[in-house]
Structures are given as C-alpha cells and as structure tokens.
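For reference, the chains in residue letters:
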Amino acid sequence: MAFVTIRKRTVVIVLSAVLALVTVFATAATVIASTRATGNITIVIDAGHGGADGGVTGITTGTKESDINLSIAKYLMKYLQDGGYNVVMTRSDSAAVCGGIKYNKREDMRVRRDIVKAAKPDLVISVHCNAYPVSSVKGAQAFFAGNSEGERYALTVQNYFNDVLNDKPRKAAVGDYYILNCSEYPSVLCECGFLSNSKEENLLITASYQEKVAYTIYSAVNSVFGEKT
Ligand SMILES: [Zn+2]
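About the criteria used
Residues numbered from 1 in each chain as written. Predicted model: local features only at pLDDT ≥ 70, side-chain atom pairs only at ≥ 80, totals over all residues. Heavy atoms only, no water. Donors = N, O, S within 2.8 Å, 3.2 Å for Na, K, Ca; no water. Helix = DSSP H or I, 4+ residues; strand = E, 2+ residues; numbered from the N terminus. Buried < 20%, exposed > 50% of the residue type's maximum accessible area, 1.4 Å probe, protein only. Phe/Tyr/Trp six-rings, centres within 6.5 Å; stacked < 30°, edge-to-face > 60°. Lys NZ or Arg CZ within 6 Å of the ring centre and 35° of its normal.

(A) Just the coordination of the zinc ion, in detail. Around the zinc ion, the protein contributes the donor atoms His49 (NE2), Glu65 (OE) and His128 (ND1), at 2.1 Å from the metal centre. All donors of the zinc ion belong to a single chain; written as a sequence motif, their spacing is H-x15-E-x62-H. Placement of the pair is His49 in the loop between strand E1 (42–47) and helix H2 (65–82) and His128 in strand E3 (residues 123–130), with a sequence separation of 79 residues. Across this residue pair, the class does not change: His49 and His128 are buried.

(B) Layout of the packing of aromatic side chains. All chains considered together, the criterion is met by 6 aromatic pairs. Between the aromatic rings of Tyr85 and Phe225, the centroid separation amounts to 6.4 Å while the plane-to-plane angle is 75°, which identifies the pairing as edge-to-face. Note that Tyr85 is positioned in the loop between H2 and strand E2 (86–89) and Phe225 in helix H7 (residues 207–225), a separation of 140 residues in sequence. For the pair Tyr85 and Phe225, a shared accessibility class is recorded, and that class is buried. Just above the ring of Tyr153 sits the side chain of Arg152; from NZ or CZ to the centre is 4.7 Å.

Bear in mind that shape data such as this cannot, by itself, settle questions of function.
Following this line, the structure appears as structure tokens:
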C-alpha cells in the first residue's frame, strides 16, 4: 500500500468533512442497519412524533401518542419483515428523529423526508393516534395526499380498519400532512384511533391491541403486494 503525504491543513479539512458526513448520516445508518434484505418490496414505517414531541396524550392515562406509535410501528416492522418485506424505520426508539440537543419540528420532519427519499420505498406508512374535542369520536382512519398514488393504499387500509377495528366504518380521507406530501412515493398516514376517547385509549395503550392494529395494517399492505414478495 502506498503511503501518501498530505499537508496538515488538508487533513484537517478532510477530517472535518468526514465528521460532518458522519453526523448527517448517523440517524439514517442506524435505521438502515435494522432492515433485512429479503424480498423486493421496501416499506418505510414512520412512527409519528418522538423526543420532546410526544404528540397527543391519552385523556385518562396521559399516555403519549409517540410511545404508542412506536410500539405499533415495531410490531408492523416485525410482521412485514417476517413477510419478506424490506423495512426502513424513520425511528426505532423514543428519541426524536432529528437527534441533537434542542428539538426542532421542521428539522425532524426534514430528516424523515430524507430517510424516505433515500429508501426509495414502494410505500410509506406513517403511524399516528388522533385526538378530538368531542370525546365520543373514535375509530381508525387512513389518510392520503390528494391526487396521489397513496389513495388506493389508503382505501385498502381503511377497509381493513373498518373490518377489524372500527365499530362504525370511517372513510379514508385526503390529509394535508407533511409526510404525505414530502416525497413522490405512495404514502398513507394511519390514525390508529382516538386517545381523546377513553375506551379507545384503553385499547391503544395495551400491547395486544397495538399488535392487532399492526397486523391489520400489515394485512392490508400484504393484500396489495403479497403476490409480488
Ligand atoms: Zn400524531
């Protein structure tokens, strides 16, 4: 191996550049390490919120939406990986996606967008829980960007939500959300239920219901892609 003499200043510049790159890609690298290279369908699972942003909170238990989202996202990851899908998570723990000392929502969402774009997924599934001032409102609902390919996936997910989770059927709807609009890839935002409804909250905080929600989303996804994996 040849030894190359480099001026000290050049070394400092190169090292700074490497450090900057490592910092920028640290989050993405952690995420990619958790994927499994089977199948040819890639799904990004985006657990909503995290870090200082807990999302909405349960009306009786105060449980943070961010924790429920993460739990559902992890169950979904397992179902999809077991089904042979490649999975990329925007976050795999309770920390903010953007990292750093001070939480910045805009930066957090930008990092999520970068993870989606790097993954070039067949589908993005963002996992959230809802809240509404009227406590009787409940049920899981799927959202998509208007005039997007995400619509047909959202309609399928909604059918499964209505069949498995909802007492009263809800309709998939257009949602003007950053994660749905930030990339050209088909995207569905799942509001898995209302934490402002104590009955639904008490279901959503249990591992068994979180697993059920995840399996419902998985079944919907698999009904579209299943034959291709
Ligand atoms: Zn949310």
